[in-house]
Amino acid sequence: MLTRRRSTRGFGSRPLSIAQVALMVWAAQGRTTGEHRTCPSAHALYPLTLTVVAGNVDGLAAGTYQYDAERDVLTLITAGDHRDRVAGTTLADHAWLRRAGAQLLLSGDLEAAARHFADQPPLGQRGARYVWLEAGHASQNIYLQATEAGLGAVLVAGFDDDRLLGLTPAVVPSGQHPLGLLGVGHPADGRS
């Protein structure tokens, strides 16, 4: 899978299935055995939140959904197709990102992590480092799951944080900082 993994910036019109989206969110933050999850988290803090911005998914109405890893379910936050609004906050990726069947937004509670790891040097900064590392692990898991499923995925970190945080209705959960946005869908050329 590592040799086949590529960033996909051209998405076709074929819809994702709800089962494919379920695999992506589980790969990012899902539970495996006991209290363990698919990616490591410093002190098992799990400060990430995964929001699905669905628009072209069979069996899942267009809307924003929050993933609950404990119950392995998506909860509707806001109905409607918000992919264009979210893609519009990127610095250069709007034209193609809005065509992804779904966008997976990783956000994190940087303040909670800073408090939890406040005694580790560099003081006040260690917690944020752990959150960013965890977001990287989750992103790679999404890439690998997409590759396994014959889908395309791409991580976008170039977005205007303030514009993304200011979207109404809100896409980023309260108290969270946006970390990364992944477009997932069927590649336009049929290859992943």
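Conventions adopted
Residues numbered from 1 in each chain as written. Predicted model: local features only at pLDDT ≥ 70, side-chain atom pairs only at ≥ 80, totals over all residues. Heavy atoms only, no water. Phe/Tyr/Trp six-rings, centres within 6.5 Å; stacked < 30°, edge-to-face > 60°. Helix = DSSP H or I, 4+ residues; strand = E, 2+ residues; numbered from the N terminus. Buried < 20%, exposed > 50% of the residue type's maximum accessible area, 1.4 Å probe, protein only. UniProt positions renumbered as here; feature names shortened; annotations may be inferred. Pairing = 2+ DSSP bridges. Core = buried A, V, L, I, M, F, W, Y, C linked by side-chain atoms within 4.5 Å. Contact = heavy atoms within 4.5 Å.

- The name given to the chain in an unreviewed UniProt entry is Nitroreductase domain-containing protein, with the source organism recorded as Streptomyces rapamycinicus.

Some words on the packing of aromatic side chains
Stage number 1. On inspection of all chains with the given rule, the structure shows one aromatic pair.
Stage number 2. Judged by centre distance (4.6 Å) and plane angle (65°), the rings of Phe-117 and Tyr-130 are edge-to-face. Linking Phe-117 in the loop between α4 (110–116) and α5 (126–148) with Tyr-130 in helix α5, this pair joins segments that are 13 residues apart in sequence.
Stage number 3. Since its relative accessible area comes to 2%, Phe-117 is described here as buried.

Observations regarding the UniProt feature "domain: Nitroreductase" (unreviewed entry) in the chain
Stage number 1. The UniProt feature table records "domain: Nitroreductase" (unreviewed entry) at residues 3–186.
Stage number 2. The span residues 3–186 is 30% helical and 24% strand by assignment, and the distance between its end C-alpha atoms comes to 19 Å.

Focus: the pairing of strand β4 (residues 63–68)
Stage number 1. Pairing of strand β2 (residues 48–54) with β4 involves four bridges; the strand directions are antiparallel. The partner of Ala-54 across the bridge, within β4, is Gly-63.
Stage number 2. Pairing of β4 with strand β5 (residues 73–79), which is carried by six bridges, proceeds in the antiparallel orientation. Of the residues in β5, the one forming a bridge with Tyr-67 is Leu-74.
Stage number 3. With antiparallel pairing between neighbouring strands as the criterion, β4 and β5 make up a hairpin whose turn holds four residues, including Asp-72 at a positive phi of roughly 55°.

Things to note about the environment of Gly-150
Stage number 1. Within the secondary structure layout, Gly-150 lies in the loop between α5 and β7 (152–156).
Stage number 2. Judged by its relative accessible area of 35%, Gly-150 is partly exposed.
Stage number 3. Considered as a pair, Gly-150 and Pro-187 are 37 residues apart in the sequence and their alpha carbons are 8.6 Å apart.

Brief notes about the nonpolar core
Stage number 1. With 47 residues, the main nonpolar core has Val-52, Leu-104 and Val-184 as its most contacted residues.
Stage number 2. It is α5 that provides the largest number of residues to this core, a total of six residues.
Stage number 3. Excluding residues within four positions of it along the chain, Val-52 makes contact with Val-21, Val-25, Gly-63, Thr-64, Tyr-65, Leu-74, Ala-102, Gln-103 and Leu-104.

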